[in-house]
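Below are the chains, spelled out letter by letter.
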Amino acid sequence: EAVNKNTLQEFATSATQSSVKDRSLQNMLDLFHSTVVPTQETSTKSLFPYLHSLTSKAGQHLCSMNQSPHQLVYNLYNIIALTEIKGYAMLQFSYMMLRIYEKGNFSVESTAAKEKFEQQATEKMNSIKLVLPNMSREFMKCDPPQHKQGETYLEITKLLQGYIENEVDMNDRMTCKSSCSAYTFAESKSCYKDLFCA
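As the structure is a prediction and not an experimental result, all values here were calculated from the model.

A. Focus on the pattern of salt bridges. Counted by the stated rule, this structure contains 2 salt bridges. Of the charged contacts, one joins K116 and D30 as a salt bridge, the two residues approaching to 3.1 Å between their closest N and O atoms. Placement of K116 in helix 5 (residues 107-131) and of D30 in helix 2 (residues 25-36) is noted, with a sequence separation of 86 residues between them. You can call K116 partly exposed: its relative accessible area is 32%. The partner of K124 in a salt bridge is E84, and the shortest N-O contact between them spans 2.4 Å. With K124 in helix 5 and E84 in helix 4 (residues 69-100), this residue pair connects regions lying 40 residues apart in the sequence. The residues K124 and E84 share a single accessibility class, namely buried.

About the cut-offs
- Residues numbered from 1 in each chain as written.
- Predicted model: local features only at pLDDT ≥ 70, side-chain atom pairs only at ≥ 80, totals over all residues.
- Heavy atoms only, no water.
- Salt bridge = Lys/Arg side-chain N within 4 Å of Asp/Glu carboxyl O.
- Helix = DSSP H or I, 4+ residues; strand = E, 2+ residues; numbered from the N terminus.
- Buried < 20%, exposed > 50% of the residue type's maximum accessible area, 1.4 Å probe, protein only.

Okay, structure coming up:
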C-alpha cells in the first residue's frame, strides 16, 4: 500500500523540528545518551559503572537475574546501541525525505547528526569497555528457602543397579577357581553353556 506524501513529510518534519521544546529526535537521542553516559555537568552516575557496583556485591538480588552480571550488562549495552542506531537511521531518513520534498538541503544537519552519533557511540563503547572485563561471568541460581519435592527438586531413584555375575562368565578360561579380589576389572567375557547370562 502506498504511503501518502503528506504523511512522510509530516513524519520527517516532526522528527527533525518538533513543535514541543526539546522533543526533536536529535534532542531525545541526546537525552538518552546523557542518561547512559552523563556529562560532567550532571551529578548522576554513569549507567555501566553503576550496574557494576550493584552486581559486584554478593547477595540474594543476584539469584533472580537469570544471567550473569557480565551477560546482563552486555545485553543492555546491545539494546542501547541498537536503539541509538534506530534513532540515528530515523533521523537520517527524515533529513533525506525533507530534501526529496524540497523543504531544504539539510546536509549540514545530516553531517552534524552523523558526527554526534559517532561521538556518542564511541563514548558508550568506552564506558562499557571500562566495566565489562571486570564483571563476573558467574551465573547464580540460589536454592529456595524451603525445598518441595516435585516443585524445587526431583528425586532420582533406581539410578544405580547391580546384578550378580557368575565367576565362570568373568574370565576367558571359564573357571571358578579365584576369589573376588582376583578380579580388578569386572567384565563379562562369555556365557557359560549359554545358561543364565545377563
